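Examination of the molecular architecture
Residue-level listing of the chains:
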Amino acid sequence: MVNRVSLEPLQQALSKDVTILVPNNRLRDALIDSYTATQTKAVFSSPSIISIDVWIRSTWEELACQGLSPFTDWFPVSSSEEFFLWISILENERSKIPLLQPEETARSVSHSYQLMRQCKLDELHVNTLLSYRMLPDIAAFLNWKKQFETLCQEKKLASLADCLVLINSYFRTCENSPLNGGFSLFGFASPPPIYAELFDHLSRYHEVERIEPGLSLI
């Protein structure tokens, strides 16, 4: 038997012209596979199901094409480009902090930075974060984080998490949404704070439906 995501909760959303946002590409692929299995025609239109990270990048490009700031002022970097930035920072620090596996450390630091931004730790719990600065690992991370942010500021580069921070900042003050259509949120039972903020902003301008997934055994 194979666990396949049930499309039953999405039937209404699939019948409407809405964008269905899901947490990751794995769930998106599972939904597309389930949808494909229900089709009787050889050729059919794929439903508008997109993972949140892909949506963030495509939305950034859409807003930049409309000439809106800050999207025209900053350049969103890919995951591989962001990894290269972290590697360059760690390599420059090797005389102070020798690392046996700088590439693995860069991956861990990059992931930690993304989680920190998603959970808004540097906004909501900055004093708590700084209180652990006496720990060598935390001190090293905060130092690398500062260098990364300074480098991105100088070069006008934005990581995926920082792209969402800027998107939220834009929606926080804009009068009208430059986006079209409604949204269905599938599988976001407990989204990180940065995503929860995005969904709240979208709800101000668009019809936003929250749907809980179900599983069926096939």
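For the structure itself, look to the data block above.
About the criteria used
Residues numbered from 1 in each chain as written. Predicted model: local features only at pLDDT ≥ 70, side-chain atom pairs only at ≥ 80, totals over all residues. Heavy atoms only, no water. Helix = DSSP H or I, 4+ residues; strand = E, 2+ residues; numbered from the N terminus. Expected span 1.5 Å × (residues − 1). Buried < 20%, exposed > 50% of the residue type's maximum accessible area, 1.4 Å probe, protein only. Arc of directions from axis to C-beta. Contact = heavy atoms within 4.5 Å. Salt bridge = Lys/Arg side-chain N within 4 Å of Asp/Glu carboxyl O. Pairing = 2+ DSSP bridges. Axes fitted to C-alpha atoms, helices over the stretch in contact; angles between N-to-C directions.

**Thoughts on helix 3 (residues 52-65)**
The end-to-end C-alpha distance of helix 3 is 20 Å, a good match for the 20 Å that 14 residues give at a rise of 1.5 Å each. If you check which residues of helix 3 are buried, you get Ile52, Trp55, Ile56, Thr59, Trp60 and Leu63. All buried residues of helix 3 fall inside an arc of 135° around its axis, so they share one side. Turned more than 90 degrees away from the buried face of helix 3, the exposed residues are Glu61 and Cys65. Elements in contact with the buried residues of helix 3: strand 2 (18-22), strand 3 (49-51), strand 4 (75-76), helix 9 (160-173), strand 6 (182-186) and helix 10 (193-205). Two residues or fewer past helix 3, Gly67 is found with a positive phi of approximately 75°.

**Comments concerning unusual backbone geometry**
Omega for the bond connecting Ser69 with Pro70 falls within 30 degrees of zero, at 15°, which places this linkage in the cis form. The residue Lys120 is not glycine, and still its phi comes out positive at about 60°. Position of Lys120 among the secondary structure elements: in the loop between helix 5 (102-118) and helix 6 (121-124). A positive phi angle is found at Lys156, which is not glycine, with a value near 60°. Checked against the element boundaries, Lys156 lands in the loop between helix 8 (136-155) and strand 5 (157-158).

**Digging into the pattern of salt bridges**
Oppositely charged side chains are able to pair whenever their charged atoms sit close together. Counted under the stated rule, the structure contains eight salt bridges. Glu104 is the partner of Arg107 in a salt bridge, and the nearest nitrogen-oxygen pair spans 3.0 Å. Placement of the pair is Arg107 and Glu104 together in helix 5, with a separation of three residues, close to one helical turn. On the accessibility criterion, Glu104 (43% relative accessible area) is partly exposed. Of the charged contacts, one joins Arg210 and Asp200 as a salt bridge, the two residues approaching to 4.0 Å between their closest N and O atoms.

**Concerning the sheet that holds strand 7 (residues 208-211)**
Within the open sheet, the four strands sit side by side as 3-2-6-7. Their pairing is parallel. Two strands lie at the open edges of the sheet, namely strand 3 and strand 7, each paired on one side alone. Ignoring which end each strand starts from, the neighbouring axes of this sheet average 25° apart. Pairing of strand 2 with strand 3 involves three bridges; the strand directions are parallel. Residue pairing for strand 3: Leu21 is matched across the bridge by Ile50. Where helix 10 meets the sheet, its contacts fall on strand 2, strand 6 and strand 7, and the angle it forms with strand 7 comes to roughly 135°.

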